[in-house]
Amino acid sequence: MASLTQLTVVLAATVFAMALPIVQADLGVESAGLSPMFSAYAVTFAALLLLGGHLVDLMGRRRSLLIGLLGFAVACALGGVAANSGMLFWARVLQGAFAALLTPAGLSLVATGSTDTGQRARAFGVFAAFTCGGSAVGLLLGGPLLESLSWRWCLYAPAALAVLLLLGALTLPRDDPGASGARPDVPGVLLGTGGLAALTYGLAGIESDGTIDVLTVILLAVGAALLAGFLWRQSSTAPYLFKDRDRVGALLVLFLAGVGSLALFSSLAFYLQQIYGYASGEAWTYLLPLLIGAVIGSTQVSARLLHRVAPHVLIAAGLVLAAAGVLVLATGEDGYLPTGLSLPSMLLTGLGLGTALVPLFATVTAGAAPRHAGAASAAVATAQQLGDAIGGVLLALVVVASARSAAPDAQFPTLVEGYGTFLWCGFGALLLAALAGGLLVTAREPRAAGPIR
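Residues numbered from 1 in each chain as written. Predicted model: local features only at pLDDT ≥ 70, side-chain atom pairs only at ≥ 80, totals over all residues. Heavy atoms only, no water.

## Let's talk about the overall build of the protein chain
When helices and strands are tallied, the protein chain shows 18 helices and 0 strands. Here the protein chain holds 453 residues, and the buried ones make up 55% of them. Here the contacts in the protein chain between residues at least 6 apart in sequence split such that 84% fall between residues at least 24 apart. Accessible surface, the protein chain as shown: approximately 17900 Å² in total, 68% of it carbon and sulfur. (Helix = DSSP H or I, 4+ residues; strand = E, 2+ residues; numbered from the N terminus. Buried < 20%, exposed > 50% of the residue type's maximum accessible area, 1.4 Å probe, protein only. Contact = heavy atoms within 4.5 Å. Areas by Shrake-Rupley, 256 points an atom, 1.4 Å probe, with all protein chains shown as cover.)

Below, the structure is given as structure tokens:
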């Protein structure tokens with residue numbers, strides 16, 4: 001249930017990104033309006049994640065899941081019937097808001113579902129497989145939806161899946177949020193939400209045109225200041241989250257891995273379509289080996305070894321494998337490899353990411369009392385989302401710089417070279433993440449879920 005919920009969130013984000021050019025033509029959206037429509041979901045989702053995790057702890061996991069699924073389905077349906085760009089924009093905002101409730105609710109269900117280390121490892125393995133491979137699934141499904149139906153089905157499909165999951169969530173056992181002892185932390189939530197909103201909106205501004213204006217600088221500075229205030233407050237009111245070296249190290253690794261792995265999803269699909277001219281269905285199949293590798297790494301490697309091997313070993317080894325896969329891509333001819341050689345690179349990357357994500361999820365949520373499970377789960381998603389945002393900024397800056405420096409008759413080779421540069425950045429970020437995981441996550445054995453002393 002939790003894994004399918006995460007798949008629904010990732011699916012909705014991925015398939016809509018593919019549909020943007022068709023949406024622009026159908027609704028008559030100006031080019032300048034595409035970026036706000038795309039970032040409406042991402043900014044709202046990132047900004048409200050900490051609030052969503054707090055609400056999960058206050059309302060309970062089952063109730064949060066039910067509210068989130070219902071709201072998400074309604075928001076997707078509203079987007080599907082949108083008659084103009086304004087209605088679609090606000091539907092995307094609502095999607096992001098309810099997704100920010102669904103993601104911590106789903107992961108907290110996994111984190112608190114069992115105290116047995118073997119069962120927890122298997123549950124995290126399945127959740128990591130959907131998290132890592134969800135984008136690939138969305139890309140594989142989005143092509144046929146766009147080619148055979150319309151862009152509106154890119155919103156109807158996640159809505160239908162959310163309704164089915166809502167019916168399944170009704171069978172979940174009730175949890176009593178009052179018994180957990182969770183209390184509202186209004187100043188902390190305001191600081192964290194405001195900081196994330198300013199930071200992600202500022203990053204989206206950089207990503208849209210590759211430049212940094214005064215407003216963007218102000219937003220980034222305010223966001224950093226508010227987040228610093230949030231961390232300072234959390235260190236005194238919630239020491240379980242930021243005074244644990246293993247937990248902080250795992251969050252840093254998730255952030256760096258988010259920066260490094262962005263090139264393998266939407267950006268790679270965009271590259272294949274816009275530069276090499278592949279059709280939608282053909283381009284998305286290049287990501288299928290990544291999905292297969294992620295499933296094997298999370299469910300067959302980490303899930304079986306997590307309760308036997310120190311977490312930092314799996315984290316470092318997995319991220320080194322992922323970095324090796326990106327390295328194979330970066331050193332290929334023209335920055336990308338022919339079909340026969342892309343298979344091992346994508347398998348390696350998926351295998352490595354799947355292997356690393358399971359111990360990372362387990363480390364951040366380990367030892368957290370049930371009343372803090374939502375907040376710990378939100379921290380996981382926030383670290384990943386910020387990493388993706390930074391990766392998006394890097395990609396935009398590299399592509400824009402390449403386009404500006406190229407002569408009119410040399411756009412193609414320059415863009416290819418720019419994408420190769422971004423792959424090298426991803427390789428470096430994944431290696432840095434592997435180093436951080438090996439040095440900062442020092443636990444010698446996995447910790448079970450339970451109350452903090």
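## Some words on the packing of helix H3 (residues 61–80) against helix H4 (residues 85–112)
Contact geometry for H3 and H4: axes closest at 8 Å, N-to-C directions at 155 degrees. One element, H3, and the other, H4, form an angle in the roughly antiparallel class. The two elements H3 and H4 cross, and the hand of that crossing is left-handed. Broken down by class, the residue content of the contact of H3 with H4 amounts to 17 nonpolar, 8 polar and 1 charged. (Axes fitted to C-alpha atoms, helices over the stretch in contact; angles between N-to-C directions. Parallel < 35°, antiparallel > 145°, perpendicular 65-115°, else oblique. Left-handed = near helix turned anticlockwise from the far one by under 90°. Nonpolar A, V, L, I, M, F, W, Y, C, P; charged D, E, K, R; others polar.)

## As for the side chain of Ser-345
The topology assignment puts Ser-345 in helix H16 (residues 339–365). If sequence neighbours within four positions are ignored, Ser-345 has contacts with Gly-325, Val-328 and Leu-329.

## Let's talk about the packing of H3 against helix H6 (residues 153–169)
Contact pair H3 / H6: the axes reach a minimum separation of 8 Å and the direction vectors enclose 155 degrees. It follows from the interaxial angle that H3 and H6 lie roughly antiparallel. Two packed elements cross with a definite hand, and for H3 against H6 that hand is left-handed. Contacts between H3 and H6 involve Arg-62, Leu-65, Leu-66, Leu-69, Leu-70, Phe-72, Ala-73, Cys-76, Ala-77, Gly-79 and Gly-80 from the first element and Leu-155, Tyr-156, Pro-158, Ala-159, Ala-162, Val-163, Leu-165, Leu-166 and Ala-169 from the second.

## Here's the deal with the environment of Gly-28
Here Gly-28 shows up in the loop between helix H1 (2–27) and helix H2 (31–59). In this structure, the C-alpha to C-alpha distance between Gly-28 and Asn-84, residues 56 residues apart in sequence, is 8.3 Å.

## Digging into the packing of aromatic side chains
Following the criterion strictly, the structure yields 5 aromatic pairs and no others. Residues Tyr-41 and Phe-45 carry aromatic rings whose centres are separated by 6.1 Å and whose planes lie at 20 degrees to one another, so their mutual orientation is stacked. Of this pair, Tyr-41 and Phe-45 both sit in helix H2, separated by 4 residues, roughly a single helical turn. On the basis of relative accessibility, which here comes to 5%, the residue Tyr-41 falls in the buried class. Their ring planes at 90 degrees and their centres at 5.8 Å tell us that Trp-424 and Phe-427 sit as a pair that is edge-to-face. Pair noted here: Trp-424 and Phe-427 are both in helix H18 (residues 411–440), with a separation of 3 residues, about one helical turn. (Phe/Tyr/Trp six-rings, centres within 6.5 Å; stacked < 30°, edge-to-face > 60°.)

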